[in-house]
Amino acid sequence: MLILSTGRTGTKFFSEYFRRQKLLSFHEAFRGSSALEYPKISNIHADNEINALEIDREKIEEVVSDYLNNFFSITDSNKIVANFSLGNGVSTLKQKLYYIKKAFHWPMIVSNNHVIDCNNGISLLFEIIFKAAEEKEISTLPVILFRNPIKTIHAIYQIESQSSYYMRPKSFLEKKEGLIAAALIWKNTYNFFLDRTKNDVLKVDLENFKSNDLQPLFNFLGEEIDFEASKVIKRIIKNKPFRSSKVEDIRNSDLYKDKDFSLSASQIDLIIPYISDTASRLGIDIEKSISSYNDFHSRVKTNQGFTP
C-alpha cells in the first residue's frame, strides 16, 4: 500500500503511527537495489503521462520490478527479521544501524503480509506498481494524504525553490518559478492522484486526523485499530518540537528551514487561484486553511518561543 502525497505532509508521522499499530511501514527506507532511481523515474513517468509520451518505458518497468522484488524480499522473510529490514537494497552500514536501532523502539509487527510505504518519492508510479502487484496477486489500496495546502506550499517553496524544484516533474511547474511553481506542484501532484484513483481511494486530512479515519484501511488489511497505541503516538508528537530536521523530527511543520519566514497576505492571494479547485476536490476549506496558517504564524509560533 502506498501513501500518496506531495511530501511535507506527515508521511514520517504516518510511518510511526502504523508501526505502533504493529503494521510494517517504512518512511523513505523501503530500499530496492534501484532506490536512488525511484524519484527520477517516478518524475519521468509523470512527465510522460502529462505530455502523452512513450519514453523510458523499459527503465520504468525495471524500477517497478525492483520495487516489487523488495516487497517480496520483506514479506517472504522471517517475521522477526522483517521488523529490522530495509529490504534487499544496498544500504550503508550507518543506514542499517540507524534503522535497526530505531526499530527496537517500535512494537514487534503482527505480520509481514502487509507493507505500507510512506514515500512520496515513488508515489507518482503508483498506477503501474499497483497493476504489476495485482498481476502477482498482491492486493493494493491507494491512500491520499494531505494537510493544509498553504502550509504544504510554504514548505515546498522554502525547501525546494533554491534548487529550482529539480526533484519534481518538470511538467508540474508549468514553466513557472518561485512560489507559483510551488503552488503548481501541489495542484498538479494531487490532480495526478485524483484523476487516476476516481472513487477507489482513501483520503486522509492530517490537519483533522482521527484514527477512525483509517477504518477503511484497517478493514482492507483485516486488522483492528489499537486506539491506545493511537493515543500514545499522538502524545509523543505533541511533546516533540516542531520539525527542525528532516531525519530526526516527526512533528512536521512549515517552520522547517526558516522559522522566521511566513507567506504574506499578498503571496497567499497570489496562489489561491491556482489551488482552489484542487482543494475543493480534496474537501479542503481554503478559507479555514488560510486562517489556520495565519493563526499559526501570528500566535501559535509565538507561544512556542519563535519570533513571528
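The following refers to the structure shown.

At glutamate 28, a position not held by glycine, the phi torsion is positive, near 55 degrees. The topology assignment puts glutamate 28 in the loop between β2 (25–26) and α2 (38–51). What makes glutamate 28 partly exposed here is its relative accessible area of 31%. The backbone of aspartate 56 shows a phi angle near 60 degrees, a positive value even though the residue is not glycine. Residue placement: aspartate 56 occurs in the loop between α2 and α3 (57–75). We classify aspartate 56 as partly exposed; its relative accessible area is 40%.

Relative to the assigned elements, histidine 27 resides in the loop between β2 and α2. Judged by relative accessible area, which is 16%, histidine 27 ranks as buried. A polar contact is formed between the side chain of histidine 27 and the side chain of threonine 11, at a distance of 3.3 Å. Filtering out sequence-adjacent residues up to four positions away, histidine 27 remains in contact with Thr11, Lys12, Ser15 and Cys118.

Take the pattern of salt bridges next. What the rule picks out here adds up to 14 salt bridges. Notably, a salt bridge pairs glutamate 160 with arginine 8, separated by 3.0 Å at the nearest N-O pair. Of the two residues, glutamate 160 sits in helix α7 (residues 149–160) while arginine 8 sits in the loop between β1 (2–4) and α1 (11–20), which places them 152 residues apart along the sequence. Of the two residues, glutamate 160 and arginine 8, both sit in the buried class. Salt-bridge contacts for lysine 59 lead to glutamate 37; the nearest nitrogen and oxygen are separated by 3.8 Å. In this pair, lysine 59 is assigned in helix α3 and glutamate 37 in the loop between β2 and α2, connecting sequence segments 22 residues apart. Assessed through its relative accessible area of 25%, lysine 59 is described here as partly exposed. What makes glutamate 37 partly exposed here is its relative accessible area of 23%. The network of salt bridges with shared partners includes Arg8, Glu160 and Arg168.

A few words now on the nonpolar core. Judged by nonpolar contacts, the single largest core of 66 residues is most densely connected at Ile129, Ile144 and Ile150. Take this core: its biggest share by element is twelve residues, from helix α9 (residues 178–197). Non-local contacts of isoleucine 144, meaning those with residues more than four positions away in its chain, are made with Leu4, Tyr190, Phe193, Leu194, Thr197, Val201, Leu202, Lys203, Val204 and Leu282. Counting 22 residues, the second-largest nonpolar core is a separate cluster that includes Met1, Ile3, Leu221 and Ile225.

Thresholds, definitions, all that
Residues numbered from 1 in each chain as written. Predicted model: local features only at pLDDT ≥ 70, side-chain atom pairs only at ≥ 80, totals over all residues. Heavy atoms only, no water. Helix = DSSP H or I, 4+ residues; strand = E, 2+ residues; numbered from the N terminus. Buried < 20%, exposed > 50% of the residue type's maximum accessible area, 1.4 Å probe, protein only. Polar contact = N/O pair within 3.5 Å; in protein donor to acceptor, adjacent residues only side chain to side chain. Contact = heavy atoms within 4.5 Å. Salt bridge = Lys/Arg side-chain N within 4 Å of Asp/Glu carboxyl O. Core = buried A, V, L, I, M, F, W, Y, C linked by side-chain atoms within 4.5 Å.

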